[in-house]
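# A structural walkthrough
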Amino acid sequence: MAMDEKQLTAMLSDPATQREAFEMVVRQYSEQLYWQVRRIVLSHEDANDVMQNVMVKAWMNLDTFRQDSKLSTWLYRIAINESLDFMRRQKKVAMVSADDTPGVANTLLADRYFDGDETEAQLQEAIAQLPDVQRTVFNLRYYEEMKYSDISKILHTSEGALKASYHIAVKKISEFFKQRD
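Below you will find a few notes about this structure. (Residues numbered from 1 in each chain as written. Predicted model: local features only at pLDDT ≥ 70, side-chain atom pairs only at ≥ 80, totals over all residues. Heavy atoms only, no water.)

### Concerning the environment of Thr 136
Along the chain, Thr 136 falls in helix H7 (residues 132-142). For the pair formed by Thr 136 and Val 37, sequence separation is 99 residues and the distance between their alpha carbons is 9.7 Å. With residues up to four places along the chain from it excluded, the contact list for Thr 136 reads Ile 40, Ile 80, Leu 84 and Leu 155. A polar side-chain atom of Thr 136 sits 2.8 Å from the main-chain carbonyl oxygen of Asp 132. (Helix = DSSP H or I, 4+ residues; strand = E, 2+ residues; numbered from the N terminus. Contact = heavy atoms within 4.5 Å. Polar contact = N/O pair within 3.5 Å; in protein donor to acceptor, adjacent residues only side chain to side chain.)

### A few points about the nonpolar core
Residues Leu 8, Val 25, Leu 33, Val 41, Leu 71, Trp 74 and Leu 75 are the most contacted members of the largest nonpolar core, which totals 48 residues. The residues touching Trp 74, leaving out its near neighbours within four places in the chain, are Ala 58, Asn 61, Leu 62, Thr 64, Phe 65 and Ser 69. (Core = buried A, V, L, I, M, F, W, Y, C linked by side-chain atoms within 4.5 Å. Buried < 20%, exposed > 50% of the residue type's maximum accessible area, 1.4 Å probe, protein only.)

### So, the side chain of Ser 165
Tracing the backbone through its elements, the reader meets Ser 165 in helix H9 (residues 159-180). Contacts of Ser 165, omitting those with residues within four sequence positions, involve Val 133, Gln 134 and Val 137.

### Side note on the packing of H7 against H9
Across the interface, H7 lies against H9 with an axial gap of 8 Å and an inter-helix angle of 95°. For the element pair H7 / H9, the angle class is roughly perpendicular. Residues Val 133, Gln 134, Val 137, Phe 138, Arg 141 and Tyr 142 of H7 lie in contact with H9, whose contacting residues are Leu 162, Ser 165, Tyr 166, Ile 168, Ala 169, Val 170, Lys 172 and Ile 173. Split by residue class, the contact of H7 with H9 holds ten nonpolar, two polar and two charged. (Axes fitted to C-alpha atoms, helices over the stretch in contact; angles between N-to-C directions. Parallel < 35°, antiparallel > 145°, perpendicular 65-115°, else oblique. Nonpolar A, V, L, I, M, F, W, Y, C, P; charged D, E, K, R; others polar.)

### A few points about the packing of aromatic side chains
Tallied over the full model, the rule gives eight aromatic pairs. A centroid spacing of 5.6 Å and a plane angle of 15° characterise the contact between Phe 138 and Tyr 166, whose relative ring orientation is stacked. Separated by 28 residues along the polypeptide, Phe 138 in helix H7 and Tyr 166 in helix H9 bring together distant segments of the chain. With respect to class, Phe 138 is no different from Tyr 166; both count as buried. Chaining the aromatic ring pairs together yields one cluster made of Phe 138, Tyr 142, Tyr 143, Tyr 148 and Tyr 166. (Phe/Tyr/Trp six-rings, centres within 6.5 Å; stacked < 30°, edge-to-face > 60°.)

### Re the pattern of salt bridges
Going through the model one piece at a time under the given rule, you end up with seven salt bridges. Across the salt bridge formed by Arg 39 and Glu 144, the nearest N and O atoms sit 2.9 Å from each other. Of the two residues, Arg 39 sits in helix H2 (residues 18-41) while Glu 144 sits in the loop between H7 and helix H8 (148-155), which places them 105 residues apart along the sequence. (Salt bridge = Lys/Arg side-chain N within 4 Å of Asp/Glu carboxyl O.)

In structure tokens:
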């Protein structure tokens, strides 16, 4: 049973109900956070690893949740930051030429957890080529259908900048597909 954010937040701030409330948070938000993380890190195994870090970080930092934003916004912020940190670490570890690695589309199509078709895999490849901020804005807006005002709270930036990032991302993705035709 899903509980509204205000009830969950109240339970999280009470030491007597904090553990039970956090278990509800995990049940209620894990799937949507997983898919947000997965769209950034792409692999199922990596997404699971990042999600473990997200939940540990959320639990360890419950006392820093100031309740001036929604619980879901705070969780998304943690998930996105952990995903981007993971990607930065991966880039440092894998200083390999792009020519030496299989494309994102090929990797996804070989992933037994990926249930999309070739077009979806190519879309993910186009998205993966975007800079971090554009990729994040695109994923939140396109897949999560989030309002710019909510994305603004998660990424701590203006709605105008987000709209520009989204527009540029869409343009780059369109170019990616035009070059494939």
